[in-house]
Amino acid sequence: MTIEIPPARAGSPRKSKPADRLRAARQDTYTDPARFQSELGHVFDRDWVMIARQGAIPKPGDYLAATLGKRPIVIVRQQDGSIRAFANHCLHRYAKLLAGCGSAKRIVCPYHAWTYDISGRLIGITDSAGFNDMAKGDLALRELGCEVWLGFVFVSLRRDLDPIGKRLAPLASHLARYGLSDYQDRYTFDEEGWAANWKLVYENFVECYHVTYAHKQSIGPTNPTALAELGPREEKQFSIHHNPYRPEDYPEVHNQALDADERRRLHVIGIYPNGLVAIDANFVWWMMLEPQSLDRTNGRWGLAFSPQAMAKMKDPDGYAEGVRKLVRIATDEDKVVVARVQEGVGFGAEEAGFLHSSLEIYVDEFRRYLDRMLAA
């Protein structure tokens with residue numbers, strides 16, 4: 001069956017010339033074990049990586065264990081309200097210190113009970129005489145780069161990178177009227193298994209070609225492919241496009257700072273290498289990707305809501321639950337098609353596929369980002 005794309009509206013950025021024809025990545029991009037290992041070392045070890053929203057750890061002592069690529073890390077809310085990130089292993093015999101999420105006044109190793117305070121400083125060694133009275137005050141967990149941008153927490157193995165706020169300044173200007181830092185984080189789900197290479201999950205999110213066809217039970221009818229609008233091009237750290245609502249589906253808006261376009265649009269954002277964000281006038285849906293193996297990916301995701309919307313809606317809890325159910329359906333739809341792509345690339349064809357010259361342009365830009373990182 002041939003799928004036809006509705007014609008672009010006059011002046012639409014979706015118009016393209018035949019010379020703009022793009023090719024997809026080769027199938028072995030998603031099946032080659034050596035490339036997967038290179039991505040862990042050259043991408044996740046060398047760039048800022050999205051971990052969560054700050055609302056996941058609201059109080060001092062709250063923590064969230066995650067992975068940086070496949071490296072175990074933990075983010076911890078400090079007494080002064082800041083968030084710090086550490087390598088998640090004991091200095092003694094390397095046992096993983098914390099799992100999942102929770103709250104702790106101290107971090108105690110489950111193996112031999114070495115103890116750290118929430119700033120990562122070693123404060124207790126059991127049977128310390130056996131270590132020749134080692135000066136524990138000189139030891140601390142390895143601290144990683146950690147910054148919060150518009151409520152999102154980013155971590156880096158490196159401490160010499162440009163601030164993520166500087167990298168994403170052009171994106172922040174697009175989102176200035178939303179007040180995302182103040183959004184109320186209502187849901188966080190730490191485990192969402194995808195039967196696919198992490199890049200396939202990312203690429204699915206940043207293209208709007210599939211929305212009408214793959215999301216028939218969720219956002220396909222309300223935000224159809226025919227209305228898609230592109231954002232800026234050639235950004236080095238992110239992409240953004242827009243899936244506007246049909247006029248009959250425009251959301252009720254309580255943030256008076258938003259302009260007419262912001263009221264009708266669902267912004268769809270990819271933050272390299274692993275951050276995915278969708279923003280409308282009342283909520284933000286986000287997901288960060290943790291590669292687990294060549295063809296398995298974990299997605300930590302959550303929802304946060306505009307405080308203006310929650311304050312003025314008649315039933316904010318019901319609204320939030322409705323959004324959660326919609327996102328659940330859309331996610332399940334995506335998981336089916338992405339798993340089918342993973343199965344398809346298993347054939348190992350050498351001939352590359354194709355990309356829509358506008359609706360899938362950000363898939364190509366993401367690939368070029370990866371090429372830059374892998375070549376560095």
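This structure is a prediction, so every number in the text was calculated from the model and none was measured.

Colleague: Looking at this structure, I do not really get the packing of aromatic side chains. What am I missing?
Modeller: When we look at a pair of aromatic rings, we describe it by the centre distance and by the angle of the planes. The tally for this structure, following the rule as stated, stands at 16 aromatic pairs. Judged by centre distance (6.5 Å) and plane angle (75°), the rings of Trp149 and Phe154 are edge-to-face. An aromatic cluster of three or more residues is present, and its members are Phe44, Trp198, Tyr202, Tyr272, Phe366 and Tyr369. The ring of Phe152 carries the charged tip of Arg53 above its face, separated from the ring centre by 4.7 Å.

Colleague: Just checking my understanding: could you explain the side chain of Thr225 for this structure?
Modeller: If you trace the backbone, Thr225 turns up in the loop between α5 (211–214) and β14 (229–230). Judged by relative accessible area, which is 2%, Thr225 ranks as buried. At 3.1 Å, the side chain of Thr225 forms a polar contact with the backbone oxygen of Cys208.

Colleague: What should I look at first to understand helix α9 (residues 361–375) in this one?
Modeller: Each full turn of the α-helix corresponds to 3.6 residues, which orients residues three or four apart in the same direction. In this model, α9 (15 residues) spans 21 Å end to end at C-alpha, consistent with the 21 Å of a helix rising 1.5 Å per residue. Along α9, the residues that are buried comprise Ile361, Tyr362, Val363, Asp364, Glu365, Phe366, Tyr369, Leu370 and Met373.

Colleague: Explain the packing of helix α4 (residues 198–205) against α9 here, please?
Modeller: When two helices pack together, their arrangement is given by the angle between the helix axes and by the axis-to-axis distance. Where α4 meets α9, the axes come as close as 9 Å, and the angle between the chain directions of the two elements is 140°. Judged by the angle between their axes, α4 and α9 are oblique. For the pair α4 and α9, the contacting residues are Trp198, Lys199, Tyr202 and Glu203 in the first and Val363, Phe366 and Leu370 in the second. The residue inventory of the contact of α4 with α9, partitioned by class, reads five nonpolar, no polar and two charged.

Colleague: Could you clarify how one ought to interpret the sheet that holds strand β8 (residues 115–117) in this entry?
Modeller: Adjacent strands of a sheet pair through backbone hydrogen bonds, lying either parallel or antiparallel. Spatially, three strands are ordered β7-β8-β9 in an open sheet, and the strand pairing comes out antiparallel. Both outer strands of the open sheet, β7 (106–108) and β9 (122–124), are each paired with one neighbouring strand and no more. The sheet shows a mean angle of 35° between the axes of neighbouring strands, direction not considered. Sheet topology places β7 next to β8; three bridges connect them, and they run antiparallel.

Calculation criteria
Residues numbered from 1 in each chain as written. Predicted model: local features only at pLDDT ≥ 70, side-chain atom pairs only at ≥ 80, totals over all residues. Heavy atoms only, no water. Phe/Tyr/Trp six-rings, centres within 6.5 Å; stacked < 30°, edge-to-face > 60°. Lys NZ or Arg CZ within 6 Å of the ring centre and 35° of its normal. Helix = DSSP H or I, 4+ residues; strand = E, 2+ residues; numbered from the N terminus. Buried < 20%, exposed > 50% of the residue type's maximum accessible area, 1.4 Å probe, protein only. Polar contact = N/O pair within 3.5 Å; in protein donor to acceptor, adjacent residues only side chain to side chain. Expected span 1.5 Å × (residues − 1). Axes fitted to C-alpha atoms, helices over the stretch in contact; angles between N-to-C directions. Parallel < 35°, antiparallel > 145°, perpendicular 65-115°, else oblique. Contact = heavy atoms within 4.5 Å. Nonpolar A, V, L, I, M, F, W, Y, C, P; charged D, E, K, R; others polar. Pairing = 2+ DSSP bridges.

So far we have only geometry, and geometry alone does not tell us how the molecule works.
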